[in-house]
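Descriptive structure summary
Residues per chain, in single letters:
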Amino acid sequence: MKCPLCDGGNLKRRKVEVEKYGTPVGLFAAEVCSGCGEQIFSSKEAAKIEAAIKKLGLWGVPVPSRVYKVGGNFVISLKKKVAESLGITSPREVILVPQVNRNRLVVEVP
Ligand SMILES: [Zn+2]
């Protein structure tokens, strides 16, 4: 089957590793384009992925935030709703995991 996106490649069925926000979700069947690499999932497979993401607690839309400068350091604000969903109700220590190659900063709440 021809790729609907690039028109140059063929779709081949294979298992692909799915990740969400840098966390592996699992292997799922997809049609993968030999040209552009686009991965197309069936609605049945997409439902399985959604269920796996929810099970991992990764479901939700990315929340925009802002970095402020305080003295020589920077402070990231966290919306009340997001903080509470992580069990943060008062000032506390968290662990920051910079993923520089991906322009990402993961905040772990131990
Ligand atoms: Zn393609």
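Predicted, not measured: the structure shown is a model, and the values here were computed from it. (Residues numbered from 1 in each chain as written. Predicted model: local features only at pLDDT ≥ 70, side-chain atom pairs only at ≥ 80, totals over all residues.)

Topic: the overall build of the protein
Secondary structure summary: the protein contains two helices and seven strands in total. Going from N to C terminus, the protein has its helices and strands arranged as β-β-β-α-β-β-α-β-β. Computed over its C-alpha atoms, the radius of gyration of the protein comes to 19 Å, more than 25% above the 13 Å expected for a compact globule of 110 residues. The long-range share in the protein, meaning contacts at least 24 apart out of those at least 6 apart in sequence, stands at 32%. (Helix = DSSP H or I, 4+ residues; strand = E, 2+ residues; numbered from the N terminus. Rg over C-alpha atoms; globule rule 2.2 N^0.38 Å. Contact = placed C-beta atoms within 7 Å.)

Observations regarding the sheet that holds strand β1 (residues 11-20)
Strands in a sheet are paired, the pairing made by backbone hydrogen bonds, and the direction either parallel or antiparallel. Taken together, the three strands give an open sheet; going across it, the order is β1-β2-β3, and neighbouring strands pair in antiparallel fashion. A single partner strand is all that each edge strand has here, and the edge strands are β1 and β3 (39-40). Bridging between strand β2 (residues 23-33) and β3 involves two bridges; their strand directions are antiparallel. What sits directly across from E31, in β3, is I40. (Pairing = 2+ DSSP bridges.)

A few points about the domain arrangement of the protein
The figure often quoted for interface size is the accessible area lost as the parts come together. Each assigned domain of the protein is listed with its residue range as follows: domain 1 (11-55) and domain 2 (67-108). Taking only C-alpha atoms into account, the centre of domain 1 sits 29 Å from that of domain 2. (Domains from an automatic or database assignment.)

Comments concerning the pairing of strand β7 (residues 104-108)
The element β7 is largely exposed, with a buried count of zero among its five residues. The sheet contact formed by strand β6 (residues 95-99) and β7 spans five bridges and is antiparallel. Within β7, the residue paired with Q99 across the bridge is R104. Here β6 folds back onto β7 in antiparallel fashion, the turn holding four residues, of which N103 has a positive phi close to 50°. (Buried ≥ 20, exposed ≤ 12 C-beta atoms within 10 Å, placed from the backbone.)

Re the pairing of β1
Little of β1 sits inside the fold, with zero of its ten residues counted as buried. As paired elements, β1 and β2 share ten bridges and run antiparallel to each other. Considered in β2, the bridge of V18 is made with G26. The loop that links β1 with its antiparallel partner β2 comprises two residues; one of these, Y21, has a positive phi angle of about 50°.

Thoughts on the environment of E50
Along the chain, E50 falls in helix α1 (residues 43-55). You can call E50 exposed: it has 12 C-beta atoms within 10 Å. Sequence-wise, E50 and V25 are 25 residues apart; in three dimensions their C-alpha atoms are separated by 9.6 Å.

Quick look at unusual backbone geometry
Even without glycine at this site, N103 takes up a positive phi of about 50°. Of note, N103 is situated in the loop between β6 and β7. Look at N103 and you get exposed, because 7 C-beta atoms sit within 10 Å.

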